[in-house]
Amino acid sequence: MPPRALITAVAPDSPAYDAGFEPGCYLTSVDGQPLRDIIDWRWLSAEDVIEVGYVDLDGDSGVVELEREEGEDWGFTFEGVVFDAVKLCRNACTFCFMRQLPAHMRPSLSLRDDDFRLSFLSGTFVTLTNLSVEDEARIIEQRISPLRVSLHASDPVARRALIGRHAQHGLDALDRLLAAGIEVHAQIVLVPEANDGDVLRGTLNWAYARPNILNIGIVPLGFTKHQTFFDHSFNDPAAARAVIDIVEPFQRRALAERGEPWVHAADEFYRNAYLADTAEKIPPASHYGDFSLFEDGIGIIRSYVDEFDSACADGLARRAADALDAAGLRVRFVVGEAMQPFLDRMVERSPLAGRLVPLTVRNTYFGGNVDVTGLLCACDIVPAIQAARPAPPASVPRDLFVIPRVILNDAGVTLDDATVEDMEKAAGTPISVVSCNPLDYLTEIINLAAAGRAV
């Protein structure tokens, strides 16, 4: 079936409304050109008079001319951003996390897309190994930039071993796009004995020689127990420090020549290298610029530490402590093991000592080296809460169990498909959901204490 865009809403008194469009209709083309995605729509509908192909609620097709005032919105809201099939990954990456998931997880979690359009629109990383000649031409013509590209290695042998037989196609396509002016945010998934050491130095030198690679984020291999390829990453302090030692000279050069560090090691490298001293050793906020790589795990610890320090300096932490004391409550804050080395020390040095007690939960659902809070599942959280609950008669202060919102998706369920209500029922205690950032969650804890939300 040719691509078509499902209309989910029509703005009142808009050109779309005046033409009689309703939710449930489809757009199929603009000025005779197929409508493959929202990028096409934005590109093709830039003029103030356009002809759109459509399919109406009765299934009848046609073409209608639309006209708008300068700067006026056409009035369409579409379902999704891709109107044809999502381009899937054709690689055989040994480190692919989605291939390491338990077999019974919901299928949407293991969809292996490799679609340059989603890279531009949603910030996903792509390898470019499935690009056609037409795709390249379209990217250049429509200036679909910047893209987020999985680089991994520039060395052909190392790259093929990591990605598979299409590895060079992606690297060649990247070079052509860069030469045509397309800008790129690159990522390297670092795998021990595969693309670290001298291979990493070579990759960074290759990338630095291409100014349209705006920055590089280096993230460590993550592996679960549901695979047999890997048994270690960079969790050893010496191994993590070795990566930082490779990265720092490039950062110093980039700061001198470009005014920014350019290449960033993910927070995990610093956490693994410095453990309890991480808060003191993580680079300053100025190192991370606008924190554009935040969702890639770069700058999260610095942001968290700065917010926590700010909460202590401006009295918010003290107010939260006083509110908990007044309510006779103690907060048990659920976190993954990634936070434990430095969060415990930060809390103990703050007014919240003894009042906000991190409840560190090991991730046995995924296993391996998976330890971030956002990947915790109900099957691990519930037993940890049960084990942490005081034996009756309940002691004072009473425990207020909270989980950060990052554990839940937009539908309010965990990765193992449990709701907060499911966890409360299984754990036998109320569980509250709070923000991930200290300035927000401490304010929320004050409100929860006022409401007496606890066992």
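Everything in this summary refers to the structure shown in the same document. On a predicted model such as this, the values are computed, not experimentally measured, just so you know. (Residues numbered from 1 in each chain as written. Predicted model: local features only at pLDDT ≥ 70, side-chain atom pairs only at ≥ 80, totals over all residues. Heavy atoms only, no water.)

Helix and strand counts for the protein stand at 16 helices and 14 strands. Seen through its principal axes, the protein has C-alpha atoms that stretch 75 × 55 × 45 Å. Considering only residue pairs separated by 6 or more positions, the protein has 70% of its internal contacts joining residues 24 or more positions apart. Total accessible area on the protein stands at roughly 20,400 Å², and carbon and sulfur atoms take up 52% of it. (Helix = DSSP H or I, 4+ residues; strand = E, 2+ residues; numbered from the N terminus. Contact = heavy atoms within 4.5 Å. Areas by Shrake-Rupley, 256 points an atom, 1.4 Å probe, with all protein chains shown as cover.)

What follows covers the packing of aromatic side chains. Following the criterion strictly, the structure yields 15 aromatic pairs and no others. Taken together, Phe21, Trp41, Tyr54, Phe76, Phe78 and Phe83 form an aromatic cluster joined through their ring pairs. The ring of Tyr208 carries the charged tip of Arg258 above its face, separated from the ring centre by 3.7 Å. Seen from the ring of Trp262, Arg258 lies directly overhead, with NZ or CZ sitting 5.7 Å from the centre. (Phe/Tyr/Trp six-rings, centres within 6.5 Å; stacked < 30°, edge-to-face > 60°. Lys NZ or Arg CZ within 6 Å of the ring centre and 35° of its normal.)

The next thing to look at is helix H16 (residues 438-451). Between the first and last C-alpha of H16 there are 20 Å, a value that for 14 residues agrees with the 20 Å anticipated at 1.5 Å per step. Against the buried residues of H16 lie helix H11 (300-313), helix H12 (316-327), strand S11 (329-336), strand S12 (356-361), strand S13 (398-404) and strand S14 (431-434). Positioned one or two residues after H16, Gly452 has a phi angle of 70°, which is positive. (Expected span 1.5 Å × (residues − 1).)

Structurally, Leu171 can be placed in helix H6 (residues 167-179). The contact partners of Leu171, leaving out residues within four places of it in the chain, are Leu151, Ala153, Ser154, Arg159 and Trp206.

In this structure the tally under the stated criterion is 24 salt bridges. The partner of Asp135 in a salt bridge is Lys87, with the nearest N and O atoms 3.7 Å apart. Pair noted here: Asp135 is in helix H4 (residues 133-141) and Lys87 is in the loop between strand S6 (76-78) and helix H3 (116-122), with a separation of 48 residues, a long-range link. On the basis of relative accessible area, Asp135 is assigned to the buried category, the value being 10%. For the salt bridge of Asp371 with Arg271, the shortest nitrogen-to-oxygen distance reads 3.1 Å. (Salt bridge = Lys/Arg side-chain N within 4 Å of Asp/Glu carboxyl O. Buried < 20%, exposed > 50% of the residue type's maximum accessible area, 1.4 Å probe, protein only.)

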